[in-house]
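Next come the chains, spelled out residue by residue.
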Amino acid sequence: MHVSRTTRAGTIAGVVALAGALLLPSPANAADAPVVLDDPITFTTGHIDAFNLALNADDSVQLNLKEDVTGSHVQRTPESVTLAVKSQAAVANIPAGAVPAGLPEDFHLLPLTQDYDLIWPGWDSQGIASVYGANAKIDINVTNVSGPGEVYLWSQGGFGTPTQIIQNSWKLPGTIHQNFTSHVHSNWGFTQPGSYGLTVQASVASADGTKTSTTNVASYSFEVFPAPTALSISGAETPVADGAELTLSAAQTPASSTFSDYAWFTRASDGDDWQEIAGEAGASITVAAAQGAQYRATISGGQDIAKGSGQPIVVESSPVTVAIEAPVEQTVSLAPLAGHYHSGSPVDLVATATPAVEGATYAWYLQRSDQDEPVRIAGVSGATHRLTAEQALHGATVTAELLGADGASIARTAAVTIEVDDHGSAPLQKVSITGLADEYEVGADIALTASVAPASVLDRFEWYVQVTGSTEPVLVEGENGPTVTMEATDELAGAAVIAKLTYSDGTAYVESAPAIVTIADQGEEIPETDLTITTSRDADDYFVGQTATLTAVQSVPTGLATYQWYTKLPGAESFTAVEGQTSASYAFKPTLANSGIQVRVELVDGERVHAASEPVTITAEQLPATTVLTVAQDKATYVAGDVAHFESTQTPQTPQTEDEHYHWYIKRAGAADYVWVDQSREKDLDLPVTVEDDGAQLVIRLFDHDHAVLAESAPVTLAVEPVATEPEPVDTVLSIDGLVAAYDVGDVAALSAVQTPETGEDHYHWFIKRSADADYAMISGALSADLAYTIAEGDQGASIMAKLYNHDHAVIAESEPVVLSVRSGEAKPADAPESRTGEELDGVEAGGITLSDTTPERGQVITVQLGDDTAYAGQWAAAWLFSEPTLLGGDWVRADAQGRIAVTIPADATTGEHRLAVFDADGALIGWDDLVIAAAADVPGDGDAGDADGDGVADDTGDGDAGDGLAVTGGEAVGLLSGASLLLLMGAAALVVMKRRRSSAAAE
């Protein structure tokens, strides 16, 4: 067994020598009046003279307590001290002759010789010898004892025989008499555990009787802790998983017992021997659960004389048996889906594991009707996922796989099927082509990008080219991504390019409006032109807060559309190019600081300046203030991640301005000027703050109906503290995907932040810095890895960046900015084109538009010239086919720099006579013309274009099978086309294939 306390063999016998030594008189020493402490304290070990006689300043004697535990000879009032007799003082089975008569065989013993694990109380009268003499007579009178048992006090003779210390008694109360001053220790015995109180007073007389003193009455407290009578083990009451960590805890009874030496034992079953578990000596133990394993514990302390000298009392628990819970079948299921969804509505997927698995993640899989097997959805690991319904998801199945904390598969759901029913409507998704220049020099790269809005689950594209004179778009083989690059050739002049978003099997889903390629006329000189600047208001009629929009105007159209704007601030020596401002319009906000700024523009042809304007001077003034704005914030200091709340007030309230047009602006530490807080248009503001906002200043401005500033508040300063915990360092690189070559105002830029490698963090902020801004501004509500940003006027040349934060809102990574390229011109109308009827053309003379082919075939792309020359360049139009009204392309179409649009004749259009009409964005008719639609030609070898159903009309499904495509050699797809068309198609084929091969060679 284990014994943690000092061995006490021989403490009852053989103590006479020590006792004799302690009873020797000591020389008298004069003493100053003692310092006696009175703060409450408990002693569990150490040397203590409980009854200590000390001299007062008047030589009278006081009774106090002296200890060497907290220092040397530290004196205390007895009432402030609790003397703790630990359970380790318990002795058992002591033979009757070894202790005073009347003591039971089991009691608590504080021995004559010091046990360093217990208190060692005694008494000391040597401190009075200097006044009363070494032979003074001392009586220490214990006048009263209270407690649950009796208190014995004795010493030992030469052969271990008990000897009395108390006059005529073995136990207290009683008197301890001394014939000379001395320092004495003895055996103490307490028959029961509990709280004891001793009342003590001492009297002193010199040997000749001339000096006497009686001490104060002192009260002493002893707290005797019981030895444990039982030991129990908890923690194995209920079954646990096999191999799980199981903690067993041993508890003594009574709970106040202080034995501290534990031992643990185990065996595999009833028939096995118990084995002690090495290194486990505490009150609890953690083990790996195994079926039927048994555990027991022991607690030891004190002395059991019957077991031999120095052997402790041992209390043993009953064994406990570990039970393993029956295996639970782990299941995971998906919540039922709606009967059907409409495009654009959310499809909320919820996986539930039964039972729940701590630390589990999920892998989600989607299998569309065109896919052979499920495909894991990237970047999703939670128990929920949201898809947006679209027709491409009709019939798709979803499953979720439950993964353990180690990533291992645990269970998988049954598949659920998504039903999308738009009741005959076309898909919401629209494909647009960006990157098309106004014109190309022969040999230049034509780099185009297809984008889809709203986003689609499909990501496969097919690209088609229809050259002038041909009646059918031809597939560009091997180009199935969102980008394509071709080399500009004379043969591509006027060619139409179409991008189709397709299923994995090549079935078309939606397609773009045709984009027309313009090749520069190599033999025609660019005409001379004068360049002037028009302004949105008179140049000297701007107020602070208004936007000055400057537009370059060519006196003679040149076909050139690339500009460079320059500014010269007041006091500056020269003009400076405005970075990113290369379109026909330039917008900025005049301020008092830049009032008098000069602006000029150049029309450029490659590296050559073709024309330059005279400068215009823009001035601004401040409107008189009609009210005063004040701002109050909800906190003086914020923690990163908080949402700061600001409220503004106009003063005076009466009369109050009727204007309620507000913007908030922020200037972060180190920034040159304020920038607009994105989408802030109300009098109050909720702003998520980061550590980068510490020290930033915030103001609010009130504008009139012309966006002139009426009032500006004094700035308030943000104080932002970092989160207290220090985040673990995370190393990742953040990049931005999804940028296209050019946007129109009103387009949605769909950007995604990509982590390399993935960190598991998903808290983002997106920021924008427009060309005239001094700093980046946070884009309101953009908190995820995906950004859908609607392009606005003034976004040309704007930079967008993303930042990734951890859960403490500290920046982990910051992307490099991407720059928006925005085409000049009017924004795309917000509303879809209104429905039209053929009756609107009745009585209106044909004209106003010119068709490139008035006898097109079904599926053919034709070019429509709007008005004369470039009158409608850059404007939005809607093209309708009558008699059955059909909106060609299904949306608005933007005219190119030559004022042309391209439309595709529907593959299911009825053959015969039709009318094609074009309306502008205001709904006004631009013009119309007659056309006759013919059946598509039967092209041998195209796989699908023949008359498969025997109706006499060729079936051109345009499904993009290999037979429809442009062959690598450029010859086998042209079929029975006319000789001229054959040559044109061969040229286009050679063009695209050559560019692709050149790119491949470069990659190799």
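Residues numbered from 1 in each chain as written. Predicted model: local features only at pLDDT ≥ 70, side-chain atom pairs only at ≥ 80, totals over all residues. Heavy atoms only, no water.

An unreviewed UniProt entry lists the protein chain under the name Gram-positive cocci surface proteins LPxTG domain-containing protein, with Labedella endophytica as the source organism.

Asker: Pulling in residues and values, what's your account of the overall build of the protein chain?
Answerer: Counting secondary structure elements, the protein chain contains 3 helices and 81 strands. Of the contacts formed within the protein chain by residues at least 6 apart in sequence, a portion of 66% connects residues at least 24 apart. When the accessible area of the protein chain is evaluated, it comes to approximately 45400 Å², of which 51% is carbon and sulfur surface. (Helix = DSSP H or I, 4+ residues; strand = E, 2+ residues; numbered from the N terminus. Contact = heavy atoms within 4.5 Å. Areas by Shrake-Rupley, 256 points an atom, 1.4 Å probe, with all protein chains shown as cover.)

Asker: If you had to explain the sheet that holds strand β69 (residues 786–790) to someone new, which residues and values would you point to?
Answerer: As summarised here, the arrangement of the 3 strands in space is β65-β66-β69, forming an open sheet in which the pairing is antiparallel. Edge positions in the sheet fall to β65 (733–737) and β69, since each has one partner strand and no second. On average, each strand axis in the sheet is tilted by 25 degrees relative to the strand beside it, whichever way the strands run. Sheet topology places strand β66 (residues 748–756) next to β69; 5 bridges connect them, and they run antiparallel. (Pairing = 2+ DSSP bridges. Axes fitted to C-alpha atoms, helices over the stretch in contact; angles between N-to-C directions.)

Asker: Explain the environment of Asp530 residue by residue, including any values.
Answerer: Within the secondary structure layout, Asp530 lies in the loop between β44 (515–516) and β45 (531–535). Linking Asp530 and Ser555, residues 25 residues apart in sequence, is a C-alpha distance of 5.2 Å. Asp530 has contacts with Val553, Gln554 and Ser555, leaving out every residue within four places of it along the chain.

Asker: If you had to explain the pattern of salt bridges to someone new, which residues and values would you point to?
Answerer: Across all of its chains, the model carries 29 salt bridges by this definition. Across the pair Asp541 and Arg537 runs a salt bridge whose closest N-O atoms are separated by 3.2 Å. Take Asp541: its relative accessible area is 31%, and that puts it in the partly exposed class. The exposure class assigned to Arg537 is partly exposed, which follows from its relative accessible area of 27%. The closest approach of N and O atoms between Arg600 and Glu602, which form a salt bridge, is 3.1 Å. Neither residue differs from the other here; Arg600 and Glu602 are each classed as buried. Each of Asp39, Glu67 and Arg76 takes part in salt bridges that share partners, so that together they form one network. (Salt bridge = Lys/Arg side-chain N within 4 Å of Asp/Glu carboxyl O. Buried < 20%, exposed > 50% of the residue type's maximum accessible area, 1.4 Å probe, protein only.)

Asker: Give me unusual backbone geometry: which residues, what numbers.
Answerer: A cis amide bond, omega 0 degrees, links Thr253 with the succeeding residue Pro254. Inspection of the secondary structure assignment puts Pro254 in the loop between β21 (245–253) and β22 (261–267). The backbone phi angle of Asn93 is positive, close to 60 degrees, even though this residue is not glycine.

Asker: Can you explain the sheet that holds strand β3 (residues 46–55)? Please cite residues and give values.
Answerer: Here we have 6 strands laid out as an open sheet, ordered β1-β5-β4-β3-β9-β15, and mixed in their pairing. Since the sheet does not close on itself, it has two edges, and those belong to β1 (36–37) and β15 (183–185), each with one partner. Where β3 lies against strand β4 (residues 61–67), 6 bridges are found, and the strand directions are antiparallel. The residue bridging Ile48 from the neighbouring strand is Glu67, located in β4.

Asker: Tell me about the nonpolar core, residues and numbers included.
Answerer: Ranked by size, the top nonpolar core spans 42 residues in total, and within it Phe51, Leu83, Trp188, Phe190, Leu198, Tyr220 and Phe222 carry the most contacts. If near-sequence neighbours (up to four positions away) are discounted, Phe222 is found in contact with Leu83, Val85, Trp188, Phe190, Gly194, Ser195, Tyr196 and Leu198. Judged by nonpolar contacts, the second largest core, of 28 residues, contains Leu448, Ala450, Ala499 and Tyr509. (Core = buried A, V, L, I, M, F, W, Y, C linked by side-chain atoms within 4.5 Å.)

Asker: Explain the environment of Ile324 residue by residue, including any values.
Answerer: Checked against the element boundaries, Ile324 lands in the loop between β28 (320–321) and β29 (331–334). C-alpha separation for the pair Ile324 and Pro239, spaced 85 residues apart in sequence, amounts to 4.8 Å. In contact with Ile324, other than residues within four places in its own chain, are Pro239, Val240, Ala241, Asp242, Ala289, Ala290 and Gln291.

Asker: I'd like to hear about the side chain of Asn64, residue by residue, with values.
Answerer: Tracing the chain through its elements places Asn64 in strand β4. Judged by its relative accessible area of 1%, Asn64 falls in the buried class. Only 3.2 Å separates the side chain of Asn64 from the side chain of Gln62, close enough to count as a polar contact. Within the local environment of Asn64, its side chain forms a polar contact with the side chain of Gln75, the two groups lying 2.6 Å apart. (Polar contact = N/O pair within 3.5 Å; in protein donor to acceptor, adjacent residues only side chain to side chain.)

Asker: Break down the pairing of strand β52 (residues 608–612) for me, with residues and values.
Answerer: Here strand β51 (residues 597–605) runs beside β52; their pairing, made up of 4 bridges, is antiparallel. Bridging across to β52, Glu602 finds its partner in Ala612. What sits between β51 and β52 in their antiparallel hairpin is a turn of 2 residues, with Gly606 showing a positive phi close to 65 degrees.

Asker: Give a detailed account of the packing of aromatic side chains, specifying residues and quantitative values.
Answerer: Evaluation of the coordinates by the stated rule reveals 12 aromatic pairs. Between Phe51 and Trp188, the aromatic rings sit 6.2 Å apart at their centres with planes inclined by 55 degrees, giving tilted as the arrangement. Taken together, the residues Phe51 in strand β3 and Trp188 in strand β16 (residues 187–190) connect sequence positions 137 residues apart. For the pair Phe51 and Trp188, a shared accessibility class is recorded, and that class is buried. Judged by centre distance (5.1 Å) and plane angle (85 degrees), the ring pair of Phe51 and Tyr220 falls under edge-to-face. (Phe/Tyr/Trp six-rings, centres within 6.5 Å; stacked < 30°, edge-to-face > 60°.)

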